[in-house]
Amino acid sequence: MEVRCQHCGHAFPVDEGLFADREKAPVTCPACKQTHDVINPKLATFRVDRTRKKVPQVLSQTTPDGRLLLIPQDREFSLRVLEGEEEGTVYPVNKPRFLIGRSNADVAINDTMVSRLHCALEISAEGVVLQDLESTNGTFMDGKPIQSAPLANGSTFRIGSHVFELVITSKPA
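For the structure given in this document, a descriptive report is provided here. None of these values were measured; they are calculated from a predicted model. (Residues numbered from 1 in each chain as written. Predicted model: local features only at pLDDT ≥ 70, side-chain atom pairs only at ≥ 80, totals over all residues. Heavy atoms only, no water.)

## Considerations on the sheet that holds strand 11 (residues 119–124)
Here is step 1: Taken together, 5 strands build an open sheet; the order of strands is 10-9-11-12-15 and the sheet is mixed. Two strands close off the open sheet at either side, each with one partner strand: strand 10 (107–108) and strand 15 (148–151). (Pairing = 2+ DSSP bridges. Helix = DSSP H or I, 4+ residues; strand = E, 2+ residues; numbered from the N terminus.)

Below is the structure:
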């Protein structure tokens, strides 16, 4: 099986015989040489604690071209990864201009086909818009490259080998 280091994020293979009948076993990452416990998937239910720091929500922001963006008080936004290395991960969208890319972004995706700053979600009173940030390999909706496109709840888009779904929910009262 393959595991990802909790310290550096490096993925590496681990022999399942390491567990024997134990619920977890220590492994050492070949990249950073740090040791962490790996849970035996045959004996334990795998629960993942959030690895990203909780950051305060930014409710309003101005775009580089001067447009006002804001997150409505009655809704929550998140991005769910449907395909790609991080499949199943859900990222809370905690500010009205949310950047996705390989580095220096709100969501950093480990994908060589993704630009450093690839695309942005922009939330305003008019709705949610997906903006390609002049990425090298493009941002796609329905198999077609886009520069800018409106998104609704359940809309999907592809960057590199990752497919994301926008999830919009009502905030609990």
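Following the structure, the description resumes.
## Considering the sheet that holds strand 16 (residues 156–159)
Pairing between the strands of a sheet is mediated by backbone hydrogen bonds and can be parallel or antiparallel.
Here is step 1: Reading across the sheet, the 6 strands line up as 8-7-17-16-13-14 and stay open at both edges, with antiparallel pairing between neighbours. The outermost strands of the open sheet, each flanked by one partner alone, are strand 8 (90–93) and strand 14 (144–146). Each strand axis lies, on average, 35° off the axis of its neighbour in the sheet, ignoring direction.
Here is step 2: Looking at chain direction, strand 13 (residues 139–141) and strand 16 are connected through 2 bridges and run antiparallel. Each bridged residue has a counterpart across the sheet, and for Phe-140 the counterpart in strand 16 is Arg-158. (Axes fitted to C-alpha atoms, helices over the stretch in contact; angles between N-to-C directions.)

## A few points about the nonpolar core
Here is step 1: Counting residues in each nonpolar core, the largest one holds 24 residues, and the members touching the most others are Leu-79, Ile-100, Leu-121, Leu-130, Leu-151, Phe-157 and Phe-164.
Here is step 2: Apart from the residues lying within four places of it in its own chain, the contact partners of Leu-130 are Cys-119, Ala-120, Leu-121, Thr-139, Met-141, Ile-146, Gln-147, Ser-148, Ala-149, Leu-151 and Phe-157.
Here is step 3: Ranked by size, the runner-up nonpolar core spans 9 residues in total, among them Cys-5, Phe-12, Val-14 and Val-27. (Core = buried A, V, L, I, M, F, W, Y, C linked by side-chain atoms within 4.5 Å. Buried < 20%, exposed > 50% of the residue type's maximum accessible area, 1.4 Å probe, protein only. Contact = heavy atoms within 4.5 Å.)

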